[in-house]
Amino acid sequence: IDWRISNAMLTWRFWALFVAFFCALFNWYGLQAHQTKFLIDKGFTPGFAATALGMAAFFGIFGQIGMGALSDRIGRELAWTFSLSGFGAASVLMVMISKNPTTELVYLAMAAQGLLGYGMASLFGAITTEIFAGPRAASIVAVVGLGGNIGAGVGAFALGAVYDTYGSYEVGFWMCWALSILSIACMWIASPGRIRVVAGEVRRTPARSR
């Protein structure tokens, strides 16, 4: 298929990716924009809260390299599932921190965000270009990526609105958890592995003797 933006947008795979990316960056920026204030509200020092944010970014270095390499071997769907499970776990851990603020839970939340969640950054382009391969793949990546950009803005705004309304981030964290599940489901619907298999998924057939 000679993929262009116009005919790519007519497919259900395009919109499944659009929603998956929206939900993913809703989580990323929703949590990242508000977790420092959240931790300070829960009694942690500003220095520790800032350090926690830096820890997530530091773990993200290894998460992005590792998840990209892993996805070449186990497939994009599974790698995306692991990444969004990281954000889902971080969201639940934030709820636990709101009830029992301990440094151990904070460390776990940052590790889940960085090592798993941030790993999805290495998957966006690979997933889209494998589904819509061709000379216009870069343009399609840019357009479907708008879903993520919109999600980033909405996520940061939504968690702030939740806090202003309820005086707590707990509802917002549960929103992030739910959208993590939705993002995973949408990625399996898009199923990039059905378009292009990766090395780890190819079944090796022993050579027949002549």
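Above this text sits the structure in question.
For clarity, every value in this text was computed on a predicted model and none was experimentally measured.

Scoring rules and cut-offs
Residues numbered from 1 in each chain as written. Predicted model: local features only at pLDDT ≥ 70, side-chain atom pairs only at ≥ 80, totals over all residues. Heavy atoms only, no water. Helix = DSSP H or I, 4+ residues; strand = E, 2+ residues; numbered from the N terminus. Buried < 20%, exposed > 50% of the residue type's maximum accessible area, 1.4 Å probe, protein only. Polar contact = N/O pair within 3.5 Å; in protein donor to acceptor, adjacent residues only side chain to side chain. Contact = heavy atoms within 4.5 Å. Core = buried A, V, L, I, M, F, W, Y, C linked by side-chain atoms within 4.5 Å. Axes fitted to C-alpha atoms, helices over the stretch in contact; angles between N-to-C directions. Parallel < 35°, antiparallel > 145°, perpendicular 65-115°, else oblique. Left-handed = near helix turned anticlockwise from the far one by under 90°. Nonpolar A, V, L, I, M, F, W, Y, C, P; charged D, E, K, R; others polar. Phe/Tyr/Trp six-rings, centres within 6.5 Å; stacked < 30°, edge-to-face > 60°.

Let us now look at the side chain of Ser183. Along the polypeptide, Ser183 turns up in helix 9 (residues 170-190). Since its relative accessible area comes to 0%, Ser183 is described here as buried. At a separation of 3.0 Å, a polar atom in the side chain of Ser183 contacts the side chain of Trp80. Other than its neighbours up to four places away in sequence, Ser183 contacts Ala20, Cys23, Ala24, Trp80 and Leu84.

Ranked by size, the top nonpolar core spans 56 residues in total, and within it Leu17, Trp80, Ile97 and Met120 carry the most contacts. Residue assignment for this core shows that the elements contributing at least two residues are helix 2 (12-41), helix 3 (46-74), helix 4 (76-99), helix 5 (103-116), helix 6 (124-131), helix 7 (137-144), helix 8 (146-166) and helix 9. The element best represented in this core is helix 2, accounting for 14 residues. Residues contacting Leu17, with those up to four places away along its chain left out, are Ile127, Thr128, Ile131, Phe132, Val144, Met187 and Ala190.

Its location among the elements puts Ile61 in helix 3. Taking C-alpha positions, Ile61 is 17 Å from Gly125, a pair spaced 64 residues apart along the chain.

With that settled, consider the packing of helix 2 against helix 9. Contact geometry of helix 2 with helix 9 gives a least axis separation of 8 Å together with a crossing angle of 155°. Here helix 2 lies roughly antiparallel to helix 9, going by the angle between them. Here helix 2 and helix 9 pass one another in a crossing that is left-handed. Considering only residue class, the contact of helix 2 with helix 9 consists of 21 nonpolar, three polar and one charged.

What follows is about the packing of aromatic side chains. Under the counting rule described, the total for this entry stands at 22 aromatic pairs. For the pair Phe21 and Trp80, a centre-to-centre distance of 5.6 Å together with 50° between the ring planes defines the contact as tilted. Pair noted here: Phe21 is in helix 2 and Trp80 is in helix 4, with a separation of 59 residues, a long-range link. Residue Phe21 shares its accessibility class with Trp80, and that shared class is buried. Seen in terms of ring centroids, Phe58 and Phe62 are 5.3 Å apart; in terms of plane orientation they differ by 75°. Their pairing is edge-to-face. With Phe58 and Phe62 both in helix 3 and four residues apart, this pair spans about one turn of that helix.

Here the focus is the side chain of Ser180. With respect to the helices and strands, the residue Ser180 is situated in helix 9. Beyond its immediate chain neighbours, meaning those up to four positions away, Ser180 contacts Asn27, Leu84, Phe87 and Gly88.

Positionally, Ser191 belongs in the segment after helix 9. With a relative accessible area of 5%, Ser191 lands in the buried category. For the pair Ser191 and Ile65, spaced 126 residues apart in sequence, the C-alpha separation works out to 22 Å. Apart from residues no more than four positions distant in its own chain, Ser191 is found in contact with Arg13 and Glu77. Polar contacts involving the side chain of Ser191 include one to the side chain of Arg13, which spans 3.1 Å.

Moving on to the packing of helix 3 against helix 4. Across the interface, helix 3 lies against helix 4 with an axial gap of 7 Å and an inter-helix angle of 140°. One way to sum up the angle between helix 3 and helix 4 is to call them oblique. Only Arg76, Leu78, Ala79, Phe82 and Ser83 of helix 4 make contact with helix 3, whose side of the interface consists of Met67, Gly68, Leu70, Ser71, Asp72 and Ile74.

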